[in-house]
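As a plain string of letters, each chain reads:
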Amino acid sequence: MRPSSAVPGRYTSRVMRTAGKALVAAVAALAAAACDGEGSAEAGASPKPEPVLYANGHTLARPTDDPGTLVFEGELLRLVNAHRVALGLHALVDAPALRDLARGHSTHMIEHRFFDHSTPESWAPGERLTGAGIDWTRVGENIATGYAAPQAVFEAWLHSPSHRLNLEGESWTHAGAGYARDPSPSAEFPQAHYWTLLLVR
C-alpha cells in the first residue's frame, strides 16, 4: 500500500511567511556555507564541525558517512537532475550543507514523530537554512515518507502536480536530498523511510 505522503512546501521572502499547509511548491535559496568547527583528535585530520542545533538543543543538520544513506541521497538527486536535463533545464548542484540539513529534517521527523515542513520548534525550511548559516533568497522543499527507494519517491513526486512543479523549477541552482530510516516505527507513524529534498537559489 502506498501512502499519499509526499508533501511540497511553498515559502516566500527571508521573513518566511508560510503559505498555510497547502500543497504548492515554489521557492529557493543560495546553498553553500558549511559549519565551522573546532579541532580534531588527530594531527593533520580535518576539523570536525560542531553540530548545528535548534535553540532547544535538538540537532538541525545531520552529517553522515554512512555509504547506504549517501548512495540513496545521491541517486535521488541524480534522478531529479536527469529529469530536469531531459526537459532542457539545468542540473542542480549537489550541496553537502543542504544534504546535511535535509537529512536532519528527515531524522527530526522520525525522532519527534511528526510529518510536516514546519518543525515542532516552528521552524520552516527558510528558518532552518538561516539557522544553519546558509544564505538564501528562495527555498522549496518536498518531503515524503513510506517510499523505500529513491526511484519510488521520485516517481511519487513526479505524479503529484505540486511536487513536480518544485522538481522542475527553473530558478533553483542547488539542492540537497536527505534520507533517514526509522529503526522502530510506531502505530501512529508506521512508515520507516523519510525523505526531504531542499531546492534553493
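Above this text is the structure in question.
None of these values were measured; they are calculated from a predicted model.

Enquirer: Quick question: what am I supposed to make of the nonpolar core here?
Expert: In summary, soluble globular proteins display a tendency toward joint burial of nonpolar side chains. Judged by nonpolar contacts, the single largest core of 21 residues is most densely connected at Trp157, Trp195 and Leu197. Residue contributions to this core peak at six residues, all from helix α4 (residues 150-158). In terms of nonpolar packing, the next biggest core, distinct from the first, is built from 16 residues, Leu60, Ala61, Leu98 and Ala102 among them.

Enquirer: How should the side chain of Glu73 be read in this particular structure?
Expert: One can find Glu73 in helix α1 (residues 67-86). For Glu73, the residues in contact, after removing those within four places along its chain, are Arg99, Arg103, Ala177, Gly178 and Tyr179.

Enquirer: Would you explain the environment of Ala180 in this entry?
Expert: With respect to the element layout, Ala180 can be found in strand β6 (residues 174-181). Taking relative accessible area as the criterion, Ala180 reaches 8% and is therefore assigned buried. For the pair formed by Ala180 and Trp195, sequence separation is 15 residues and the distance between their alpha carbons is 6.7 Å. In contact with Ala180, other than residues within four places in its own chain, are Ser106, Thr107, Ile110, Ala192, His193 and Tyr194.

Enquirer: Just checking my understanding: could you explain the pattern of salt bridges for this structure?
Expert: Under the counting rule described, the total for this entry stands at nine salt bridges. Here Asp100 and Arg103 are joined by a salt bridge, their closest N and O atoms 2.9 Å apart. Taken together, the residues Asp100 and Arg103, both in helix α2 (residues 96-111) and three residues apart, mark about one turn of the helix. For Arg103, a relative accessible area of 4% translates into the label buried.

Enquirer: Teacher, can you tell me more about α1 here?
Expert: Taking 1.5 Å as the rise per residue, α1 with 20 residues should run 28 Å; its terminal C-alpha atoms sit 28 Å apart, in good agreement. Considered for burial, the residues of α1 that qualify are Thr69, Glu73, Leu76, Leu77, Leu79, Val80, Asn81, His83 and Arg84.

Enquirer: Can you help me understand the packing of aromatic side chains in this one?
Expert: For any pair of aromatic rings, geometry is given as the distance between the ring centres together with the angle between the planes. One pass over the full model with this rule turns up three aromatic pairs. Taking 5.7 Å as the distance between ring centres and 15 degrees as the angle between the ring planes, the aromatic pair formed by Phe72 and Trp195 counts as stacked. Taken together, the residues span a long stretch of sequence, with Phe72 in helix α1 and Trp195 in strand β7 (residues 193-200) at a distance of 123 residues. We classify Phe72 as partly exposed; its relative accessible area is 24%. Owing to a relative accessible area of 1%, Trp195 belongs among the buried residues under this scheme. Judged by centre distance (4.6 Å) and plane angle (45 degrees), the ring pair of Tyr179 and Trp195 falls under tilted.

Enquirer: What am I meant to see in the pairing of β7 here?
Expert: Working note: regular strand, side chains alternate between the two faces of the sheet. Of all eight residues in β7, eight are buried, a share of seventy percent or more. Across seven bridges, the pairing between strand β5 (residues 139-145) and β7 is antiparallel. Its bridge partner being in β7, Thr145 is matched across the sheet by Tyr194. With eight bridges connecting them, β6 and β7 associate as antiparallel partners. Within the sheet, the bridge partner assigned to Arg181 lies in β7 and is His193.

Procedures and definitions
- Residues numbered from 1 in each chain as written.
- Predicted model: local features only at pLDDT ≥ 70, side-chain atom pairs only at ≥ 80, totals over all residues.
- Heavy atoms only, no water.
- Core = buried A, V, L, I, M, F, W, Y, C linked by side-chain atoms within 4.5 Å.
- Buried < 20%, exposed > 50% of the residue type's maximum accessible area, 1.4 Å probe, protein only.
- Helix = DSSP H or I, 4+ residues; strand = E, 2+ residues; numbered from the N terminus.
- Contact = heavy atoms within 4.5 Å.
- Salt bridge = Lys/Arg side-chain N within 4 Å of Asp/Glu carboxyl O.
- Expected span 1.5 Å × (residues − 1).
- Phe/Tyr/Trp six-rings, centres within 6.5 Å; stacked < 30°, edge-to-face > 60°.
- Pairing = 2+ DSSP bridges.

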